[in-house]
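Here are the chains, one letter per residue:
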Amino acid sequence: MITRFITEIQTAFNPFSPHAKSARLFLSFLPPNARSSGMSITTQLLPRSSTAPSKLYVKFKDGKELDLDADNMGIKSIIEEVDRHSRILQKADDLAAA
């Protein structure tokens, strides 16, 4: 997963819910130095009795915002959506550098 162009991530999920698996896995795919490289990561843990859906919000360097429903999307779908925009930014960065 290309994380170089991500500036902000916000998640909200119940860690005990099986529907939160995608949000938990997405956070595990982030590199260990993500916070030190300037990425803002905010995680809100919902109580065990909460029935609120899992949310995942991703903001990129160009200002694009993705508000993903981590409750109904699998981890592959989430990574595919994030990588799709990251590849567009990577291509634009490569063209600008050339």
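Labelled according to an unreviewed UniProt entry, the chain appears under the name Large ribosomal subunit protein mL53, originating from Triangularia setosa. Under Subcellular location (unreviewed entry), UniProt gives the following word-for-word description of the chain: "Mitochondrion". For the record of the chain, the UniProt heading Sequence similarities (unreviewed entry) holds the text "Belongs to the mitochondrion-specific ribosomal protein mL53 family."

Caption draft 1: Local environment of the packing of aromatic side chains. Under the counting rule described, the total for this entry stands at zero aromatic pairs. Over the ring of F16 we find R48, and its NZ or CZ is 3.7 Å from the ring centre.

Caption draft 2: Quick peek at the sheet that holds strand β4 (residues 65-69). Read across the sheet, four strands follow the order β2-β1-β3-β4 without closing on themselves; strand pairing throughout is mixed. Strands at the two margins of the open sheet, each flanked by one partner only, are β2 (40-45) and β4. The sheet shows a mean angle of 10° between the axes of neighbouring strands, taken without regard to direction. Across five bridges, strand β3 (residues 55-60) lies against β4 in antiparallel orientation. Note that in β4 the partner of Y57 across the bridge is D67. The strands touched by helix α1 (residues 21-29) within the sheet are β1 (6-13), β2 and β3, with β1 carrying the most contacts at an inclination of about 145°. Sitting on the sheet, helix α2 (residues 75-97) is in contact with β1, β3 and β4, with an inclination near 5° to β3.

Caption draft 3: Molecular detail of the environment of I79. Note that I79 resides in helix α2. Note on I79: relative accessible area 16%, which makes it buried. Separated by 78 residues in the primary sequence, I79 and M1 place their C-alpha atoms 6.8 Å from one another. In contact with I79, other than residues within four places in its own chain, are M1 and F29.

Caption draft 4: Representation of α1 in the model. Residues of α1 that are buried include every one of S22, A23 and F26, and no others. The buried residues of α1 all sit within an arc of 100° when viewed along its axis, so they share a single face. Contacts made by the buried residues of α1 are with β1, β3 and α2.

Caption draft 5: Structural detail: the environment of R24. Relative to the assigned elements, R24 resides in helix α1. Spatially, the C-alpha atom of R24 lies 9.0 Å from that of T11, the residues being 13 residues apart in sequence. Contacts of R24, omitting those with residues within four sequence positions, involve F13, P15 and S17. Of note is the side chain of R24, whose polar atom sits 3.4 Å from the backbone oxygen of S17.

Cut-offs used in this document
- Starting from 1, residues in each chain are numbered consecutively following that chain's sequence as written.
- Confidence filtering applies because this is a predicted model: local features only for residues at pLDDT of at least 70, side-chain atom pairs given and counted only at 80 or more, and all residues used for totals across whole chains, interfaces and linings.
- Hydrogens and waters are ignored; side-chain quantities use all the structure's heavy atoms.
- UniProt positions are given in the numbering used here, feature names are shortened, and annotations may be inferred rather than shown by experiment.
- Classification of ring pairs rests on two measures: the distance between centres of Phe, Tyr or Trp rings, Trp counted by its six-membered ring, which must be within 6.5 Å, and the angle between planes, read as stacked under 30 degrees, edge-to-face over 60 and tilted in between.
- The criterion is that NZ of a Lys, or CZ of an Arg, lies within 6 Å of the ring centre and within 35 degrees of the ring normal, and then a charge sits over that ring.
- By the convention used here, strands pair only if DSSP detects at least 2 bridges between them.
- The helix count covers DSSP runs of H or I at least four residues long, the strand count covers runs of E at least two residues long, and both are numbered beginning at the N terminus.
- To obtain an axis, a line is fitted to C-alpha atoms, over the contacting stretch when the element is a helix, and the angle between two such axes runs from 0 to 180 degrees between their N-to-C directions.
- Contacts: residue pairs with any heavy atoms within 4.5 Å of one another.
- Burial classes: relative accessible area under 20% of the type maximum marks a residue as buried, over 50% as exposed, and values in between as partly exposed (1.4 Å probe, protein chains only).
- Working note: the arc is built from the helix axis to C-beta atom directions.
- Identification of polar contacts relies on pairs of N or O atoms within 3.5 Å, with a donor-acceptor requirement for protein atoms, meaning one able to donate a hydrogen and the other able to accept it, and with residues adjacent in sequence counted only if both atoms are side-chain atoms.

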